[in-house]
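Residue strings, one per chain:
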Amino acid sequence: MSDLVIHALGAPAIEFRGSAISVDTRKAIALVVYLAVEPQQHSRDAIAALLWPDYDQSRARAALRRTLSVLHKALDEQYLAIERERIALSGPTPPWVDALEFRRLLGARRAHGHAEKEVCVACLEPLKKAVALYRDDFLAGFSLRDETNFEEWQLAQRLSLRSELEVALAALTRCYILVGELRHAVDTCRRWLSLDPLNEQAHRFLMRLYDWTGQRGAALRQYRECVQTLERELGAPPLEVTTRLHEAIRTNRAPGPPSPASAETPVEQATTPEPPLYSPDATARDAQQAPTLPPSTPLIGRTAELAVAISTYQVSAHAGRLLVIEGEAGIGKTRLADELAAFVRGHGSVVGIARCYEGEGAIAYAAIVELLRSVVGREPAARLKALPDIWLAEASRLVPELGAERPNVATPGPLDTPGAQTRFYEGVRETLLAACSSGTLPGLLVLDDAQWIDEASLDTLAYLARRIERQPICIVLTWRSDSVGAQHRLRRLLAETQRIGRATTITLHRLDEANVGEWLRRGLEGIEATRALALAVRLYQETEGLPFFISEYVNALNSGGYATDGAAWTAPVAVHDLLRSRLRALSETGWQSLTTAAVLGRSFDFDTVRDVSGRSEEETAAALDELRAQGLIAEAPGTQPGAISYDFTHDKLRALVYDETSLARRRLLHRRAAESLVSAGRRSGQGAERAAQIAQHYAAAGNESAAANHHTIAGERARELYAHADAIRHFRRALELGYPNAAELHEAIADAYTLLGDYPQALQSYALAMQTAPGSVEARIQHKLGVAHARRSEWQDAAHHFQQAIETLSAASGDLAQRSVGEQARIHADWSLTERHLGRLDQAREHAETALQLAAEASDLHALAQAHNILGALASSEGDSEVGRRHLEESLSLAERLDDATLRAAALNNLALALGQGGEIARALPLAEAALALCVTQGDRHHEAALHNTVADMLHSLGHVEDAMAHLKQAVSIYAEIGVEAGAVQPGIWSMVDW
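Cut-off values and rules
- Residues numbered from 1 in each chain as written.
- Predicted model: local features only at pLDDT ≥ 70, side-chain atom pairs only at ≥ 80, totals over all residues.
- Heavy atoms only, no water.
- Salt bridge = Lys/Arg side-chain N within 4 Å of Asp/Glu carboxyl O.
- Helix = DSSP H or I, 4+ residues; strand = E, 2+ residues; numbered from the N terminus.
- Pairing = 2+ DSSP bridges.
- Patch = residues over 30% accessible without salt bridge, like charges linked within 9 Å, V, L, I, M, F, W, Y side chains within 5 Å.
- Areas by Shrake-Rupley, 256 points an atom, 1.4 Å probe, with all protein chains shown as cover.
- Buried < 20%, exposed > 50% of the residue type's maximum accessible area, 1.4 Å probe, protein only.
- Lys, Arg positive; Asp, Glu negative; His and termini not counted.
- Expected span 1.5 Å × (residues − 1).
- Core = buried A, V, L, I, M, F, W, Y, C linked by side-chain atoms within 4.5 Å.
- Contact = heavy atoms within 4.5 Å.
- Disulfide = S-S within 2.5 Å.

Participant: Which parts of the structure should I look at to understand the pattern of salt bridges?
Facilitator: Pairs can form between side chains of opposite charge whenever their charged atoms are close. Going through the model one piece at a time under the given rule, you end up with 47 salt bridges. Of the charged contacts, one joins Asp625 and Arg628 as a salt bridge, the two residues approaching to 3.7 Å between their closest N and O atoms. Here Asp625 and its partner Arg628 are both found in helix 26 (residues 617-629), 3 residues apart, which amounts to about one turn of the helix. When salt bridges with common partners are traced through the structure, they connect Glu716, Arg719, Glu747, Asp751, Arg780 and Lys784 into a single cluster.

Participant: Any chance you could explain the pairing of strand 1 (residues 4-7) here in plain terms?
Facilitator: Walk down a regular strand and you will see the side chains alternate between the two sheet faces. Here strand 1 runs beside strand 2 (residues 13-16); their pairing, made up of 4 bridges, is antiparallel. Looking at strand 2, one finds that Val5 is bridged to Glu15. Connecting the antiparallel pair strand 1 and strand 2 is a turn made up of 5 residues, with Gly10 showing a positive phi of about 105°. The pairing of strand 1 with strand 7 (residues 96-97) spans 2 bridges and is classified as parallel. Bridge pairing links Ile6 to Val97 in strand 7.

Participant: Help me understand a nonpolar patch on the surface, please; the structure alone is not making it clear to me.
Facilitator: Judged by side-chain polarity, Met965, Leu968, Val972 and Trp990 come together as a nonpolar surface patch covering roughly 340 Å² of accessible area. Along the chain, Met965 falls in helix 43 (residues 961-975). By relative accessible area, Met965 is classed as partly exposed at 41%.

Participant: Sorry if this is basic, but what is going on with the sheet that holds strand 7 here?
Facilitator: Strand pairing within a sheet occurs via backbone hydrogen bonds; the two strands may be parallel or antiparallel. Within the open sheet, the 4 strands sit side by side as 3-2-1-7. Their pairing is mixed. Every interior strand has two partners, whereas the edge strands, strand 3 (19-20) and strand 7, have only one. Summarising the sheet, strand 2 and strand 3 pair through 2 bridges and their orientation is antiparallel. Bridging from a neighbouring strand, Glu15 pairs with Ala20 of strand 3.

Participant: Looking at this model, I keep getting lost on the side chain of Asp449. Mind explaining?
Facilitator: Topologically, Asp449 is positioned in the loop between strand 10 (443-448) and helix 18 (455-466). For the buried residue Asp449, which engages in no salt bridge, the nearest side chain bearing the opposite charge is Arg480, 4.5 Å off.

Participant: In this structure, what is going on with helix 28 (residues 663-684)? I would like to understand it.
Facilitator: Counting along an α-helix, one turn takes 3.6 residues, and residues three or four places apart therefore face a common direction. For helix 28, which comprises 22 residues, the first-to-last C-alpha distance of 31 Å matches the rise-based estimate of 32 Å (1.5 Å per residue) to within 8%. Two residues or fewer after helix 28 comes Gly685, characterised by a positive phi angle close to 75°.

Participant: Even after reading the chapter, I still don't get the nonpolar core, so can you show me in this structure?
Facilitator: Note that soluble globular proteins tend to have their nonpolar side chains buried in a common cluster. Grouped together as the largest cluster of nonpolar side chains are 87 residues, with contacts concentrated most on Ile6, Val33, Leu51 and Phe150. It is helix 6 (residues 148-179) that contributes the most residues to this core, 13 residues altogether. Beyond its immediate chain neighbours, meaning those up to four positions away, Leu51 contacts Lys27, Ala30, Leu31, Leu144, Glu147 and Phe150.

Participant: Just to check I follow, could you spell out the side chain of Asp900 for this structure?
Facilitator: Relative to the assigned elements, Asp900 resides in the loop between helix 39 (881-898) and helix 40 (901-917). For the buried Asp900, which has no salt bridge, the nearest side chain bearing the opposite charge is Arg826, at an N-O separation of 8.9 Å. Beyond its immediate sequence surroundings of up to four residues, Asp900 is in contact with His862 and Ala895.

Participant: Would you mind going over helix 38 (residues 861-877) with me for this structure?
Facilitator: Its 17 residues give helix 38 an end-to-end C-alpha distance of 24 Å, which sits within 8% of 24 Å, the value for a rise of 1.5 Å per residue. Taken across its 17 residues, helix 38 has 14 buried, putting it largely inside the fold. After helix 38 finishes, the residue Gly879 shows a positive phi value of roughly 95°.

Participant: So what exactly am I meant to see when it comes to the state of the cysteines here?
Facilitator: Between two cysteines, a covalent bond joining their sulfur atoms is known as a disulfide. Counting across every chain of the model gives 0 disulfides. Here Cys120 is not disulfide-linked; the sulfur of Cys123 is the nearest cysteine sulfur, at 3.6 Å.

Given below as structure tokens:
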């Protein structure tokens, strides 16, 4: 063989002297393949235009020169004939190219002296070799981004070679029949038919072959498959010749196989036209039952697990239960959950199912919204009749159409008002309970693929789970074990629920060989025991007991993809390939609609597919019917009466379709999807809620500016909902995409990290903000740096930043100086607290009084509230309780006037501490608890931990030891999560008491 070997059928591979060559660009691979498949000289300009169409001539030629230099070196300066204006692939020996060898082998048949559609014994070997070379389509999985010229050439080659493969498989099938190798003929004919399921001639050959090999039932089933395929795709019946062959096989009148020919058989006697349909004197042969697959995947090897699931659900009628089903991808978690859901529905109870999707973890409350809609969408008025208005209003924040049920219900206030977040969670909980209250048994809520749940939905789920004892409900979570590690929040939530005895875990394992055998016996009815046993061993080896793989392999066995008699399978086919084979029969409109659905990324509706695909209503309806009939998508009731939604029957199928879609079309569809969502958001007034999805589509479409803007909008929306982790992700993504005001986003990220208690990240982000911030905001960031250091009890660093902030503002002039007075007051207030912790009480009092004076001068109520708060804390710490309480009560009054949750929490906390120091624990406790509720709502983890500590001390003083211990445990748990640096908790965070 040549020193240079090029594999172009399948993923491209280039070997030089037995080793793969190493090149740094895909275009170098593309150039070698092009020169090899088009073996003549090519002008430099033509090659440059093919591979770099967007470059001007000089840049394209420069890029070509560099690529040629790399290739010339990789090929030891052989095989590339490079002239001033022309290029070719030429060397001491011709390069060996599988695509050219495939065509050479097919062309060798022309010397056999018969028509091209006929075969002889001599055709067998070249055809076998040619078909074996065809590993996959031309350059499968290989593309050049945005290079349409090369993509068009690649597509033309692919289609041409596939057409030649179809001819070769048809000829090879006839050859195997000619020499009497009928089992090989069956395998080859199946492959031939898979290329074109509408080819009636291939259907007829396969029917005969099944009949000749003693599989009459399979032959009859093949006819039914032919009828269904033609009806579905063309709306036409099979030809009369096909129907008559079916009747001949059914009545045992079809002729037997032809006598095998030998190598000495003359060409004119060795050809194989289609045999006659039937023979009147044909003898009856033993019929074998056609293998069939039950309408749904069998639940095999899961009897014990299903019993545990049903038992867990049944006991939830007395007090709620959390059921976790976990295991690896494809292990059957969803299948088991679906079986439990069917049991619950069968007893007249309500089931709500929400599926989480990879890549949608940044969409706040996505899972909870889907769960709400799944239980109330079809009959909201009836199901929620007894639900109080206050809870319906809260749930309508996420599902606005619920508010339409009672138009007179007052719109709930902002989520940052006191207690609003708790009311919101409780509203969601009460709505779910009300929707699930019908039926004799409790409702069932399923969150599938919970490893991809968004943070905000996880917060809501945690709220539900922690109150699970008080609600007759069963919550089922399925997740992938390898995606939910020991420190994952889902694991901690499960552990908390297990501690109170309300959680059950089912871990699914791979099926054993006996289970695989049972699957085969149920999936391939009529297969004899000995053959089933041998096949089960092989199937177990191929799938290693993974149910998804087993299901796909059994589907292939039923559809004729493999022989069931122990004959060699043509090649071990991966699940990816099996899924791809289900897409080959789609019409152009069906494929376009399917690619549109894959780009949309999750369940989709008719209108969105129509808008994004650009097809008419009639075309879209026909395409969705086709996809549903092919079993590629499933239909389900929509959230509105009479509406219909769709989803892929498996997420792997959606991923495959997306990967198979060309880059150019993906970008087009993503852009249209973004524009459709923008328009829908404007119409509904929910643009902010859709911003995360819009951003993802714009990014995939290559519009990074629009994507950055929408990630920023999504981040701001997440901040409004106190979903800090989601906000950080969106802001970081906006920065990556080039959002112009980097300082603004770095500051917002730092603010979120501060509330989460991740101070190393917060300080780093504030520092980044300082590097790019305009002078007008430098003081504000210095102030925030001081606050972050103060939270860590790094008082000297805090004082330094407060001083820097004051000096920056003092140097301001004009309007900026006037506007800065209130800001200076707030800085002095925080500086006062820092000086007190440093033991410099005189300076602390001076800063506090300066803060009060400046706040009054600026008429800044926010600064006044903060100044009174600090003066109150200072007086209380010095033993002047009366003055301290007066300042703190004034601060609390101003905070309530301003409806500022942050100020209110600080005043409540410090007033509670002051009362506690005076021995008035009973009065202090409710204030501390109110402050704690506000900090929980805001997601301020550090202040929440400090208040748990304070409440624990007060409860202990009142003799409530058990309740005190519960709060102390929560404080310790939070402190273990925040302020961690270099793997250890920084001791300074424990010293926070007042602020």
